[in-house]
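A closer look at the structure
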Amino acid sequence: ATRHRATTTMGMTTGMTTSTRTGGVASHGGGGGGGWRAGAVTGRGVGNRARSSMMMSSMSSMSISSSSSISSSSMMLTAVLAGVGVGCGMDSSARCEAATTGPDPNAPTSNKSTAQWRIYTDIGRGLVQEKKLDEARRYLERALVEAKKGFGEGDAHVAAALNNLAELNRIESKWSESERFFSESLEILRKAYGENHPAVGTALHNLAGCRLAQGDADGAYALYAKSLERKEATLGTNHPEYATTLYHMAEVLSRSDRKQDAVVLLERSIKVSEEIGAAHTDACLRRMKRLAQLLWDCENYEHAERIRRRILSTMEHMNGEEHVKIAGPCESLATVLMKLDQLDEAAALLERAARILSKVRGDGGALALASTRLNLADIAIRRDNVKEALKFARQALDVLAPSALDAIRRDALRVDIRVGVVTQYARAAALLAKLSPDAPSTSRHVDDARQYLDEIEKLVITVSSSTPTRASLETIRVARRAL
């Protein structure tokens, strides 16, 4: 049996192989810290089927959302053997038929080079997990050499070794090298299996993600479309890999300001996940959250409300009604209800979120609670309760003022997190200026917020000119106008 627990975010699919006798299915979980995760099962009795093994697995580049939650790289590296299971999916358990012919039937199944390839790949994977990337590169390059010697230049093991190096370069943002390795891997798989094979669809998907990371939205979309065609022809439309590529195509469209078209593709991706029994997976939840955000951006608040209610219900089913993970969906639904003037239910949801977050230790819980209190302050203002609004605003400022200064100074923090903290502080300062303009602390908070916004804007401009960066700049400008 092949064990497969799969989740996904916006990204690519690739793989690292570790053994011709070991198979596994890999996936990426978004929203967490970096690191490569490996999962595999032993394919005892596979025998000569390993000669035609197809190397497929999955990884992810980043989760893109206008709510500034960009997940860092985290991936599994694996090999999937023909007859054991092909890693075609990221959202649910999946099996599909492997190739009946291998790239080189005469390639040896076991010799010194194949053994060294396996050892070097395992060592390289471990070093990546330890974030020792320079050392990992040396071992992965040696693994590629041994794969060519042991299996033959046109073997799928060589394609997998190239994928590993492509992914390492992607992590280090060496995009031209990453694209070159992904392209070489794709060509080997095309020659080995032909165009209509799941491995080719996956390789096209990998290359598309690399193009997208370099800002080539048109090129990425064209490759994703080709990948989708291959997956439809070989896997069908009710398959997690098909849903995954639809999701990534939607992200390309959203980056190109075609949000309505992106909504259509996202809805199709979610529908596929639901039809294959993956509705209650983290991957499907992330897609629903992204859909709700796009609907918000399109000002389709009624539809966004329905999606966010589904998300909250699903999260309650999966985690319980008082779990810390419930706080975010409560606040997200509350914000759209505020747009629809359903203030009583919105306030109840925010109070529930605040109650949950008040029990969470650490800076993360405190910052989330500050955001919740700012929303409660907005509701209090709309109810003409200035005293309560001022109380919530000051509670938020007590947390956000030192956190914003820390965000400016701490280079180790992700840029999107730093932007989020500083803009929330600016929002709280603007609220204080509106409620209590003559208070001694008001001018200080406003001046500090303006200074921090200037500094964080310079930082964002320095980082890159990507679409997430443009979204961050717009968030900063909105915060500055409020001041």
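Moving on to the packing of helix α13 (residues 363-382) against helix α15 (residues 415-435). At a closest axis distance of 11 Å, the pairing of α13 and α15 adopts a crossing angle of 30 degrees. Put simply, α13 runs roughly parallel to α15. Once α13 is placed against α15, the crossing between them reads as left-handed. Contact residues: α13 offers L367, S371, L374, N375, A377, D378 and I381, while α15 offers V421, Q424, R427, A428, L431, K434 and L435. Looking at the contact of α13 with α15, its residues break down into eight nonpolar, three polar and three charged.

In this section: the packing of helix α7 (residues 240-255) against helix α8 (residues 259-275). For the pair α7 and α8, the least separation of the axes is 8 Å and the interaxial angle reads 165 degrees. With respect to α8, the element α7 is oriented roughly antiparallel. Judged by the sense of rotation from one axis to the other, the crossing of α7 with α8 is left-handed. Within the contact between the two elements, α7 uses Y242, A243, L246, Y247, M249, A250, L253 and S254 and α8 uses K259, D261, A262, L265, L266, R268, S269, V272 and S273. In the contact of α7 with α8, the residues fall into eleven nonpolar, three polar and three charged.

So, on to the confidence of the model for the protein. Taken over all residues, the pLDDT of the protein has a mean of 79, while the share at 70 or more is 76%. Note that pLDDT drops below 50 for residues 1-105; the model gives that stretch 344 contacts with residues more than four away or on any other chain.

What follows deals with the nonpolar core. Grouped together as the largest cluster of nonpolar side chains are 122 residues, with contacts concentrated most on L189, V422 and Y425. Ranked by the residues each element gives to this core, the list is headed by helix α14 (residues 386-409), at twelve residues.

Moving on to unusual backbone geometry. In the Ramachandran plot, S173 falls in the positive-phi region, its phi being about 60 degrees despite a non-glycine side chain. Here S173 is to be found in the loop between α3 (156-171) and α4 (175-193). The phi torsion at D384 lies on the positive side, around 65 degrees, for a residue other than glycine. Residue class for D384 comes out exposed when judged on its relative accessible area of 69%.

Here α3 is 16 residues long and its end C-alpha atoms lie 23 Å apart, about the 22 Å a rise of 1.5 Å per residue gives. α3 sits mainly inside the fold: 15 of its 16 residues count as buried. Once α3 finishes, S173 follows within two positions and takes phi at roughly 60 degrees, a positive value.

Cut-offs applied
Residues numbered from 1 in each chain as written. Predicted model: local features only at pLDDT ≥ 70, side-chain atom pairs only at ≥ 80, totals over all residues. Heavy atoms only, no water. Axes fitted to C-alpha atoms, helices over the stretch in contact; angles between N-to-C directions. Helix = DSSP H or I, 4+ residues; strand = E, 2+ residues; numbered from the N terminus. Parallel < 35°, antiparallel > 145°, perpendicular 65-115°, else oblique. Left-handed = near helix turned anticlockwise from the far one by under 90°. Contact = heavy atoms within 4.5 Å. Nonpolar A, V, L, I, M, F, W, Y, C, P; charged D, E, K, R; others polar. pLDDT = per-residue confidence, 0-100. Core = buried A, V, L, I, M, F, W, Y, C linked by side-chain atoms within 4.5 Å. Buried < 20%, exposed > 50% of the residue type's maximum accessible area, 1.4 Å probe, protein only. Expected span 1.5 Å × (residues − 1).

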